[in-house]
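# Overview (structure and organization)
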Amino acid sequence: MARARTAIDRGMTSHAPIGVAVVGYGLAGQTFHAPLIAATPGLRLAAVVSSRPEAVHADLPEVEVLPDLDAALARDDIGLIVVATPDALHAEQSIAALRAGKSVVVDKPFAATLADAQSVAAVAASSPGVFSVFQNRRWDADFLTLRRLIAEGELGEIAVFESHYDRFRPTVTDRWKDQRDGGVWADLGPHLIDQAVQLFGPPLAIYADLQAQRVGATAIDYAHVLLRYDRLRVILNMSHLAAESSLRYVVHGTGGSFIKRGLDAQESQSKAGLRPGDAEWGLDPLPGMLTKQTDGETVRTTPTPARGDYLAFYAAMRDAILGKGPPPVPADQALTVMRILDAGLRSAAERREIAL
């Protein structure tokens, strides 16, 4: 199969590959981290820490499976630890890896609470390893397209930015994600918050309506959140009861509007067996629509979509470990997301706007 030009073609290096251990082999480890690491020049997937060796070996027969994090930390050939476990373990495992002198990538949210995140950041600041949070949706195809349109002035000054991540999952399961503290706000909120902050900076205030709506739900499964800026308004919406869940972005500005439906394809492509470098990898199957008013006439066009590029995260992480650039998502940027998540919980509990 023809190979697309993505981050796999950038930053080819002559150094010995950096050994990587992925801790956890659920959705994050299996679908995101392991394939991306394996496809990044200069990184070597040395081990996976998992209680399910048969699942790991079904996908990665040559990769060693370790019983626990300590076994990975004891390995001199492992320089990067990827924490892809449930949220409650993120802070403890990240701190242990940093104190062992390893570099660390941790999935979002990078801790279960703001206080724990601040503790991780403090340890990272005094540790020799490089620390970064896996905010992969900075490299979604549609977000890269939107960022380009804004930078090129196609939309003028943005007045309203509406970002959706809706699903239809009406039945509550016993999966840990359906029981996690913070629910969908902790699960999907970091993606939408991080994208908004990347585009517009930190907001002035937040008002959050968070609710458990499904029968039997104990964790938040609905979030409607307003981030207040000076004139700009950012609306974030997440729901598990949206049978029509295709809407992704609605962006209105003084120069035009951009409407996008459908999620970035990289996650579904990985689940389907495609890998970074395949010709179809990262292509947007449903490009957005740009609407402008020209001389009183409505003109609609389809901007050329960017290609999604999750590999860019690990290429940047490799370079940061080698001293060739900053971490792809530094701790201070991830802490901004955590502060907004925390303020959203307080806003919902107190039913008022929280100043940031």
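The paragraphs below set out a description of the structure included in this document. The shown structure was predicted, so the numbers you read here are calculated from the model rather than taken from an experiment. (Residues numbered from 1 in each chain as written. Predicted model: local features only at pLDDT ≥ 70, side-chain atom pairs only at ≥ 80, totals over all residues. Heavy atoms only, no water.)

### Observations concerning unusual backbone geometry
What counts here: Starting at the N terminus, helices and strands are each numbered in turn, a helix being any DSSP run of H or I of at least four residues and a strand any DSSP run of E of at least two. Between buried and exposed lies partly exposed: a residue is buried under 20% and exposed over 50% of the maximum accessible area for its type, with that area taken using a 1.4 Å probe on protein chains only.
Of note, the amide linkage connecting Lys108 to Pro109 takes the cis form, showing an omega dihedral of -15°. Here Pro109 is to be found in the loop between β5 (103–107) and α5 (114–125). Of note in the backbone geometry, Asp295 takes a positive phi value of approximately 50° without being a glycine. The residue Asp295 is located in the loop between β13 (289–294) and β14 (297–301) in this model. Asp295 sits in the exposed class, given a relative accessible area of 77%. Of note in the backbone geometry, Arg351 takes a positive phi value of approximately 55° without being a glycine. Along the chain, the position of Arg351 falls in the loop between α12 (331–350) and β15 (354–355). Given the relative accessible area of 73%, Arg351 is considered exposed.

### Let's talk about the packing of helix α4 (residues 87–99) against α5
How two helices sit against one another is set out by the angle between their axes and by the gap between those axes. What counts, and what does not: Angles here are taken between N-to-C directions and fall from 0 to 180 degrees, while the axes themselves are lines fitted to C-alpha atoms, restricted in helices to the stretch in contact. These descriptions rest on fixed angle ranges, namely under 35 degrees for roughly parallel, over 145 for roughly antiparallel, 65 to 115 for roughly perpendicular, and the rest for oblique. We call two residues in contact whenever any of their non-hydrogen atoms come within 4.5 Å of each other. The classification used treats Ala, Val, Leu, Ile, Met, Phe, Trp, Tyr, Cys and Pro as nonpolar, Asp, Glu, Lys and Arg as charged, and all other residues, Gly among them, as polar.
The N-to-C vectors of α4 and α5 enclose an angle of 10°; their axes lie 10 Å apart at closest approach. Judged by the angle between their axes, α4 and α5 are roughly parallel. The residues of α5 that touch α4, namely those facing Ala91, Ser94, Ile95, Leu98 and Arg99, are Asp116, Ser119, Val120, Val123 and Ala124. When its residues are assigned to classes, the contact of α4 with α5 shows six nonpolar, two polar and two charged.

### Brief notes about the nonpolar core
Quick reminder of the rule: Take the buried residues of types Ala, Val, Leu, Ile, Met, Phe, Trp, Tyr and Cys, join any two whose side-chain atoms come within 4.5 Å, and each joined set is a nonpolar core.
One finds Ile81, Phe110, Phe131 and Tyr314 to be the most contacted residues of the largest nonpolar core, which totals 102 residues. Counting residues per element, this core draws most heavily on α12, which supplies eight residues.

### Considering the sheet that holds β5
This is how it is decided: In this scheme, strands are said to pair when DSSP sees at least two bridges between them.
Judged by pairing direction, the sheet is parallel, and its six strands sit side by side in the order β3-β2-β1-β4-β5-β6 without closing on themselves. On the outer flanks of this sheet lie β3 (64–66) and β6 (131–134), each paired with one strand and no other. Neighbour-to-neighbour, the strand axes of this sheet turn through a mean angle of 25°, independent of strand direction. Where strand β1 (residues 18–23) and strand β4 (residues 80–83) come together, four bridges link them in parallel fashion. The partner of Val20 across the bridge, within β4, is Leu80. Seen against the sheet, α4 touches β1, β4, β5 and β6 and runs at an angle of roughly 170° to β5.

### Brief notes about the side chain of Ser163
Tracing the backbone through its elements, the reader meets Ser163 in strand β7 (residues 158–166). Setting aside residues no more than four positions away along its own chain, Ser163 makes contact with Leu192, Gln195, Ile235, Leu236, Asn237, Arg248 and Tyr249.

### Looking at helix α1 (residues 27–38)
For clarity, the threshold we go by: A helix is expected to span 1.5 Å multiplied by its residue count minus one.
Across its 12 residues, α1 extends 16 Å between first and last C-alpha, which sits within 8% of the 16 Å expected from 1.5 Å per residue. A large share of α1 lies buried, amounting to nine of its 12 residues. All of the buried residues along α1 are Ala28, Gly29, Thr31, Phe32, His33, Ala34, Pro35, Leu36 and Ile37.

### Things to note about the sheet that holds strand β9 (residues 222–228)
Read across the open sheet, the nine strands follow the order β14-β13-β12-β11-β7-β10-β9-β8-β15; overall the sheet is mixed. Two strands lie at the open edges of the sheet, namely β14 and β15, each paired on one side alone. Where strand β11 (residues 247–253) and strand β12 (residues 257–261) come together, five bridges link them in antiparallel fashion. Looking at the pairing, Leu247 lines up with Arg261 of β12. Helix α9 (residues 189–200) contacts β7, β9, β10 (233–239) and β11 of the sheet and is inclined by roughly 160° relative to β7. The strands touched by α12 are β8 (205–211), β9 and β15; relative to β8, the strand with the most contacts, the crossing angle is about 65°.

### Digging into the packing of aromatic side chains
We describe a pair of aromatic rings using the distance from one ring centre to the other and the angle between the two ring planes. As a reminder of what qualifies: For this analysis, a ring pair means two rings from Phe, Tyr or Trp (six-membered ring only for Trp) whose centres lie within 6.5 Å, classed as stacked if their planes differ by under 30 degrees, edge-to-face if by over 60, and tilted for the remaining angles.
What the rule picks out here adds up to 10 aromatic pairs. A ring pair is formed by Phe32 and Tyr310, whose centres lie 6.1 Å apart and whose planes are at 45°; its orientation type is tilted. Taken together, the residues Phe32 in helix α1 and Tyr310 in the loop between β14 and α11 (311–321) connect sequence positions 278 residues apart. Aromatic side chains Phe200 and Tyr229 sit 6.1 Å apart centroid to centroid with 70° between the ring planes, which places their arrangement in the edge-to-face category. Taken together, the positions of Phe200 in helix α9 and Tyr229 in the loop between β9 and β10 put the pair 29 residues apart, joining distant regions of the chain. Taking the relative accessible area as the measure of exposure, Tyr229 reaches 7% and is therefore buried. Linked through ring pairs, Phe32, Phe134, Trp139, Tyr310, Phe313 and Tyr314 together constitute an aromatic cluster.

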